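Here are the chains, one letter per residue:
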Amino acid sequence: MALFKKRRKENNDEIKLENLNIPNHIGIIMDGNGRWAKRRGMPRTYGHKAGVDNLIELSKYANSIGVKYMTVYAFSTENWSRPKDEVSYLMYLLDSTFNRLIDTIEKDNIKMKIVGEKDKLSDQLLDVIKRMEEKTKNCTGMTLFIAFNYGSRQEIVHACKEIVNEGKEISIDEIQNHLYTKDGGDVDLLIRTSGEQRISNFMLWQISYSEIYTADTYWPDFNGDCLNKAILEYNKRDRRFGGLKK
Ligand code: IPE
Ligand code: IPE
Ligand code: MG
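The structure displayed is predicted, hence computed values, not measured ones.

## A closer look at the pattern of salt bridges
Following the criterion strictly, the structure yields 20 salt bridges and no others. A salt bridge links Arg-35 to Asp-31; the nearest nitrogen and oxygen atoms lie 3.6 Å apart. In this structure, Arg-198 engages Glu-196 in a salt bridge whose closest nitrogen and oxygen atoms are separated by 3.4 Å. Among the residues examined, Arg-198 registers a relative accessible area of 47% and is labelled partly exposed. Bridged by salt links that share partners, the residues Asp-31, Arg-35, Arg-192, Glu-196 and Arg-198 form one connected network.

See the structure below:
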């Protein structure tokens with residue numbers, strides 16, 4: 001009985017969000033798809049599919065609790081170094097998922113933006129990305145930035161090049177205003193799943209003052225309760241931004 005009670009206490013569905021401050025912008029490094037699949041004796045691609053299904057569910061949940069911006073790391077500029085079959089599958093997965101969702105996506109009221117380098121993506125993929133962004137551009141709920149073929153160093157260089165081309169002087173404000181995720185501003189809460197504790201070239205600029213939360217859970221299992229737990233932890237942090245404790 002005591003054990004049962006303790007379990008219930010640890011159960012995240014007891015977390016009440018009403019009195020909590022919901023982070024304006026959450027960044028997620030969605031890691032652990034491969035290990036999730038391996039644990040089930042399945043190929044890595046099976047984990048990626050489960051990861052995408054989870055992303056769809058978690059985005060709806062985040063939108064429902066009032067998150068305004070969420071940026072998720074789906075494919076890094078360094079992920080091209082993976083086996084060809086896995087890379088091809090990830091390209092196929094984005095394409096097929098968008099094609100499957102495109103006619104019904106508007107009802108979720110989530111504005112979708114794909115951020116990253118466009119150069120290595122196929123015309124077919126670029127086309128469905130464009131259609132998806134167009135279809136959801138008037139949605140008024142959360143903005144979901146999907147970082148795909150994304151690298152933060154590349155993003156900063158891209159921003160600087162644009163500023164120079166516009167004949168402007170490089171400054172903190174100008175760089176901020178030329179980032180792919182400029183509308184979302186700084187990331188308040190950065191989550192990495194699967195127990196890893198590194199940044200892997202994700203939003204280096206935007207996470208300057210983020211609170212960092214790592215979960216041991218593999219991404220396909222990171223559900224709404226896990227997000228609640230991260231938000232609860234975020235609320236316990238004392239964000240000082242270089243000042244003194246309040
Ligand atoms: C994250 O899961 C998804 C991508 C990087 C595309 P991984 O594929 O990195 O899974 P692990 O880390 O190998 O378990
Ligand atoms: C970061 O995960 C990229 C994504 C989640 C898309 P990785 O699995 O590629 O990162 P490393 O190699 O463990 O640093
Ligand atoms: Mg990984």
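## Examining the site of ligand 1
Taken together, Met-30, Asp-31, Gly-32, Asn-33, Gly-34, Arg-35, Arg-44, His-48, Ala-74, Asn-79, Arg-82 and Leu-90 are the residues near ligand 1. Gly-32 places a main-chain nitrogen or oxygen 3.3 Å from an oxygen atom of ligand 1. Protein contact buries 87% of the 380 Å² of open area that ligand 1 shows by itself. Going through the elements one at a time, α2 (33-39) and α3 (44-64) are the ones with two or more residues in the shell around ligand 1. Classifying every residue of the shell around ligand 1 by side-chain character gives three nonpolar, five polar and four charged.

## Regarding the packing of aromatic side chains
The description of an aromatic ring pair rests on the distance of the ring centres and on the angle between the ring planes. With the rule as written, the count across this model stands at ten aromatic pairs. Clustering of aromatic rings is evident, with ring pairs tying together Tyr-73, Tyr-150 and Phe-202. Above the plane of the ring of Trp-36 lies Arg-40, whose end atom (NZ or CZ) is 3.9 Å from the centre.

## Here we look at the packing of α3 against helix α8 (residues 224-236)
Their axes nearest at 10 Å, the elements α3 and α8 cross at an angle of 50 degrees. With respect to α8, the axis of α3 lies oblique. As for the relative orientation of α3 and α8, their crossing is right-handed in sense. Contact with α3, carried on its side by Leu-58, Tyr-61 and Ala-62, involves Gly-224, Leu-227 and Asn-228 of α8 and no other residues of that element. Taken together, the residues of the contact of α3 with α8 break down into four nonpolar, two polar and no charged.

Rules of the game
Residues numbered from 1 in each chain as written. Chains lettered and ligands numbered in written order. Predicted model: local features only at pLDDT ≥ 70, side-chain atom pairs only at ≥ 80, totals over all residues. Heavy atoms only, no water. Salt bridge = Lys/Arg side-chain N within 4 Å of Asp/Glu carboxyl O. Buried < 20%, exposed > 50% of the residue type's maximum accessible area, 1.4 Å probe, protein only. Near = heavy atom within 4 Å. Polar contact = N/O pair within 3.5 Å; in protein donor to acceptor, adjacent residues only side chain to side chain. Areas by Shrake-Rupley, 256 points an atom, 1.4 Å probe, with all protein chains shown as cover. Helix = DSSP H or I, 4+ residues; strand = E, 2+ residues; numbered from the N terminus. Nonpolar A, V, L, I, M, F, W, Y, C, P; charged D, E, K, R; others polar. Phe/Tyr/Trp six-rings, centres within 6.5 Å; stacked < 30°, edge-to-face > 60°. Lys NZ or Arg CZ within 6 Å of the ring centre and 35° of its normal. Axes fitted to C-alpha atoms, helices over the stretch in contact; angles between N-to-C directions. Parallel < 35°, antiparallel > 145°, perpendicular 65-115°, else oblique. Left-handed = near helix turned anticlockwise from the far one by under 90°. Contact = heavy atoms within 4.5 Å.

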